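Structural overview for review
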Amino acid sequence: MVNVAESSSGAATVHPLEPLSEAEISRTAEILGSGGRLEGDVAIAYITLHEPDKDAVLEGRPVPREALVAAVDRLTATTYRGVVSLDEGNVQSWEVITEGQVPVTADAMRAEKLVKAHQGWRDALAKRGVTDVENVQIDTWMPGHFGLDIEEGNRLVRCLAYVRDQVGDNGYARPVENVIAFVDLNRGEVVDVHDYGVVPIPSEKANFDEASIGEHRTDLKPLDIVQHEGPSFEVDGHFVKWQKWSFRLSMHPIEGLVIHTVGYEDQGRVRPILYRAAVSEMVVPYGDTSPMHSWKNAFDAGEAGLGRLVNSLELGCDCLGTIHYFDAVMNGPNGQPHRIKNAICMHEEDYGILWKHYDSDSQQAHVRRSRRLVVSSIHTIGNYEYGFFWYFYQDGTLQMEVKLTGVLQVQATHPGETEFDHSVLVAPQLAAPHHQHLFNFRLDFDIDGTANSVYEVDVEPLPPGDKNPLGNAFVQQETLLDRESDAARLHDQTRNRTWKVVNPSVTNRLGQPVGYRLVPGANQVMLAHSESAVAKRATFGTRNLWVTHYDPAELHAAGDFPNQHPGGDGLPRYIQQDRPLENQDVVLWHTVGVTHIARPEDWPVMPVEYAGFTLKPAGFFDRNPALDVPPSHSDHCVDHSAGDHGHDGHHGHHGNGHEHDGHEHDGQH
Ligand code: CO
């Protein structure tokens, strides 16, 4: 296990991966100010922990306490990235970023005022019969990069409008189609308004509060999760121990939920599995060709900041059971810290059966219930909600489940139009453009140490012949991914494709290298053409797996500053080095894709859609590591002979049911 290191100031004992405190964020802003870095009109986009050297963390060596900062000077339209030493009280580096912009900051709120005061925009709304703009909702979108003159030399947002009778209405029900206001956030002015033609504003409201939808169903009885003796986890700061699992967690302003130093206790020692795992970037490319929607590509991590937009969760609503919450600390544009209460939720869930076997001769059933630890956060980015749920299982399995919900991105359509090439009608005069959600997860594996190798594992039929006389045979094919240039891979369900990370120097009792398997879920890569702007900026979305050699500076699949970036940064740049990957410190980057062709049932608020992947031990353990999970306390569940209960019918399905068909041991398995 990682030792707690003294900070070099000696003032406090703080683990090197503990997120920055409110005091440390304030102190960072002070150091920037006294170092002259906030002169001009500087907005600080984020202040976060500058993560220390991995080797030093793993060896428990003292590390400097540093903050990583991104900022923009609005007067000169200059983007900066800096590192501030909290120990030495100085600015270690202050670098000008020449391509890309900081993620949107709180100053995007100014856009609403500017747009509503702009005569050209007001005229465009008046043409659509909207003269009272007070309650109009303004959404700010990052502009992308399309080589337009208007994109040069500024920090741009595209503002879209939605008609509401009052604040709290679901504005997406009534979009102002074909009007885009372009605002330069640096100069604080509307630089252009585009109007692509009037489409009537839909009249049907789509609120989903109780008053709007009518009576709730009345036949739902309470379901309470009670843990009389409390939860089974222990928490120390941001360190968590749950049964044999241990890890650290934090909320990163860009990446959202991050887990660090994930290990599993086995035969008396903690065995490392992952050093760090988080969303590295995500993009939502839209497939519509109209000038109102064709440019929409939301990079909700690097452009918007997932952590900055994390929800404050509520007990009994967002999470059920005995909950431990972690707060997150973010910063405002002047560097002032602000605390988001209950940003990360952690609790245990019953997850059905962990394992079971019924022995029909002895009529003995062995069964264990599965308990999983859930660590999650939910982020609201405009119309959409994204939940990121890490599940830790007792058999050494780790799972990431992304939950997609919220309100569809929609367009107003002419009355009577029902068929569209690139969208689906979801309500009268309202269609939802086809789109994808592509999430890239950076998974820094350290399986029993940092030197690991990655194999692509396919299962393939053998051609009939001498080696396959009956034609029934199939084989597992393992291919080493030995260089970065060969390690940008696609999922292939027809081959049951998985990827396996192994430590070639450590073997289990069977002599197999210890490993973990990355099992993709349902998936699709980017559908936009490779020469499209979005494919160049979010190349990560064109492959399901990328593998790179570890470099602490390589954290983001589309680069550190994807906002208004022309493209090519991130993974396509990283792999140009074509580093060797065998028996090295490797990082896997897994793209999880959801293609969203909307349904009427997704309106007016979308039932949760799921996506994700699983990390399964594959020879990491010598046998099922969950054999020692005790039976449940309930009298009915302890190991017993099914005969104890007399086959009275109540337990007739206790076993595999074979006693009813008269074919016990009939060999049909
Ligand atoms: Co969607």
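Residues numbered from 1 in each chain as written. Predicted model: local features only at pLDDT ≥ 70, side-chain atom pairs only at ≥ 80, totals over all residues. Heavy atoms only, no water.

**Some thoughts on the pattern of salt bridges**
As enumerated under the stated definition, the model contains 44 salt bridges in all. Close ionic contact of Arg537 with Glu303 constitutes a salt bridge, the shortest N to O distance being 3.2 Å. On the criterion of sequence distance, the pair formed by Arg537 in helix H6 (residues 533-537) and Glu303 in the loop between strand S14 (297-298) and strand S15 (324-331) is long-range, its members being 234 residues apart. Residue Arg537 is classed as buried on the basis of its relative accessible area of 4%. (Salt bridge = Lys/Arg side-chain N within 4 Å of Asp/Glu carboxyl O. Helix = DSSP H or I, 4+ residues; strand = E, 2+ residues; numbered from the N terminus. Buried < 20%, exposed > 50% of the residue type's maximum accessible area, 1.4 Å probe, protein only.)

**A closer look at helix H1 (residues 22-34)**
Between the first and last C-alpha of H1 there are 18 Å, a value that for 13 residues agrees with the 18 Å anticipated at 1.5 Å per step. The complete set of buried residues in H1 reads Glu24, Ile25, Thr28, Ala29, Ile31 and Leu32. The buried residues of H1 all sit within an arc of 160° when viewed along its axis, so they share a single face. Counted as exposed and oriented over 90 degrees from the buried face of H1: Ala23, Glu30 and Ser34. On the buried face of H1, the contacting elements are strand S1 (42-49), strand S2 (66-73), strand S3 (78-85), strand S4 (90-97), S15 and strand S16 (337-359). The first or second residue beyond H1 is Gly36, which carries a positive phi of 75°. (Expected span 1.5 Å × (residues − 1). Arc of directions from axis to C-beta. Contact = heavy atoms within 4.5 Å.)

**Observations regarding the coordination of the cobalt ion**
Reference geometry at the metal: tetrahedral coordination by four donors gives ideal angles of 109.5 degrees; octahedral coordination by six donors gives 90 or 180 degrees. Every protein donor of the cobalt ion is accounted for by Tyr384 (OH), His435 (NE2), His437 (NE2) and His596 (ND1), and the metal-donor separations fall at 1.7 to 2.1 Å. In this structure, the cobalt ion is coordinated by four donor atoms arranged in tetrahedral fashion, with angles at the metal of 91 to 132°. (Donors = N, O, S within 2.8 Å, 3.2 Å for Na, K, Ca; no water. Tetrahedral: all angles 85-135°; square planar, octahedral: opposite > 155°, others 65-115°.)

**Here we look at the packing of aromatic side chains**
What the rule picks out here adds up to 20 aromatic pairs. Ring geometry for Trp245 and Tyr264: centres 5.1 Å apart, planes at 90°, overall edge-to-face. Of this pair, Trp245 sits in strand S11 (residues 245-252) while Tyr264 sits in strand S12 (residues 256-266); the two residues are 19 residues apart in sequence, bridging distant segments of the chain. In this pair, the class of Trp245 matches that of Tyr264, namely buried. Ring centres 5.5 Å apart and planes at 80° place the aromatic pair Tyr386 and Phe439 in the edge-to-face group. Taken together, the residues Tyr386 in strand S18 (residues 384-393) and Phe439 in strand S23 (residues 435-445) connect sequence positions 53 residues apart. Across the pair, Phe439 and Tyr386 agree in class, each one buried. (Phe/Tyr/Trp six-rings, centres within 6.5 Å; stacked < 30°, edge-to-face > 60°.)

**What to know about the side chain of Arg368**
As for its position among the elements, Arg368 is in strand S17 (residues 364-381). The class for Arg368 is buried, based on a relative accessible area of 8%. A polar atom in the side chain of Arg368 sits 2.6 Å from the backbone oxygen of Val629. (Polar contact = N/O pair within 3.5 Å; in protein donor to acceptor, adjacent residues only side chain to side chain.)

**Digging into the nonpolar core**
For soluble globular proteins, the rule of thumb is that nonpolar side chains tend to be buried together. Judged by nonpolar contacts, the single largest core of 100 residues is most densely connected at Phe247, Trp390, Phe392, Phe441, Leu443, Leu588 and Trp603. Counting residues per element, this core draws most heavily on strand S13 (residues 269-285), at six residues. (Core = buried A, V, L, I, M, F, W, Y, C linked by side-chain atoms within 4.5 Å.)

**Concerning the sheet that holds strand S22 (residues 430-433)**
Across the sheet, three strands lie side by side as S20-S22-S21; this open sheet has antiparallel pairing. Both outer strands of the open sheet, strand S20 (411-412) and strand S21 (423-427), are each paired with one neighbouring strand and no more. As paired elements, S20 and S22 share two bridges and run antiparallel to each other. Its bridge partner lying in S22, Gln411 is registered against Ala431. (Pairing = 2+ DSSP bridges.)

**Some thoughts on a nonpolar patch on the surface**
Taken together, the side chains of Phe208, Ile213 and Val605 present a nonpolar region at the surface, about 250 Å² in accessible area. Topologically, Val605 is positioned in the loop between strand S29 (584-596) and strand S30 (606-617). Under the relative-accessibility criterion, Val605 is labelled partly exposed at 32%. (Patch = residues over 30% accessible without salt bridge, like charges linked within 9 Å, V, L, I, M, F, W, Y side chains within 5 Å. Areas by Shrake-Rupley, 256 points an atom, 1.4 Å probe, with all protein chains shown as cover.)

**Digging into the pairing of strand S9 (residues 233-236)**
Where S9 and strand S10 (residues 239-242) come together, four bridges link them in antiparallel fashion. Considered in S10, the bridge of Phe233 is made with Trp242. Hairpin connection between S9 and S10: a loop of two residues separates the two successive antiparallel strands, and Gly237 in this loop has a positive phi of roughly 65°.

**Points about the environment of Thr397**
Tracing the chain through its elements places Thr397 in the loop between S18 and strand S19 (398-406). Taking C-alpha positions, Thr397 is 15 Å from Ile259, a pair spaced 138 residues apart along the chain. In this view, Thr397 contacts Trp245, Tyr391, Phe392, Thr614, Leu615, Lys616 and Pro617; residues no more than four positions away in its chain are not counted. Only 2.9 Å separates the side chain of Thr397 from the side chain of Asp395, close enough to count as a polar contact.

**A look at the environment of Ile225**
When you line up the elements, Ile225 lands in the loop between helix H5 (210-213) and S9. With relative accessibility at 41%, the residue Ile225 sits in the partly exposed group. Separated by 193 residues in the primary sequence, Ile225 and Thr418 have C-alpha atoms spaced 46 Å apart.

**Quick notes on the sheet that holds strand S7 (residues 179-184)**
The strand order S5-S6-S7-S8 describes an open sheet built from four strands, whose pairing is antiparallel. The sheet is open, and its two edges are formed by strand S5 (137-141) and strand S8 (189-195), each paired on a single side. Sheet twist, expressed as the mean angle between neighbouring strand axes with direction ignored, is 30°. Sheet analysis places S7 next to S8, joined by six bridges and oriented antiparallel. Bridging from a neighbouring strand, Ala181 pairs with Val193 of S8. (Axes fitted to C-alpha atoms, helices over the stretch in contact; angles between N-to-C directions.)

**Details of helix H3 (residues 109-116)**
The complete set of buried residues in H3 reads Ala111, Val115 and Lys116. Buried residues of H3, viewed axially, fall in a sector of 120°; they line one side. Pointing more than 90 degrees away from the buried face of H3 are the exposed residues Met109 and Lys113. Buried-residue contacts for H3 involve helix H4 (119-126), S5, strand S6 (156-162), S7 and S8.

**Overview of the pairing of S1**
Counted residue by residue, S1 has eight buried out of eight residues, so it is predominantly covered. Bridge count between S1 and S2: seven bridges; the pairing is antiparallel. Pairing of Thr48 across the sheet is with Leu68, part of S2.

**Things to note about unusual backbone geometry**
For the bond running from Trp603 to Pro604, omega is 0°, close enough to zero to count as cis. Structurally, Pro604 can be placed in the loop between S29 and S30. The backbone of Gln243 shows a phi angle near 50°, a positive value even though the residue is not glycine. The class of Gln243 is partly exposed, set by a relative accessible area of 34%. Residues other than glycine seldom take positive phi values, yet Gln267 does so here, at roughly 50°. Looking at where Gln267 falls in the secondary structure, it is placed in the loop between S12 and S13. Among the residues examined, Gln267 registers a relative accessible area of 68% and is labelled exposed.

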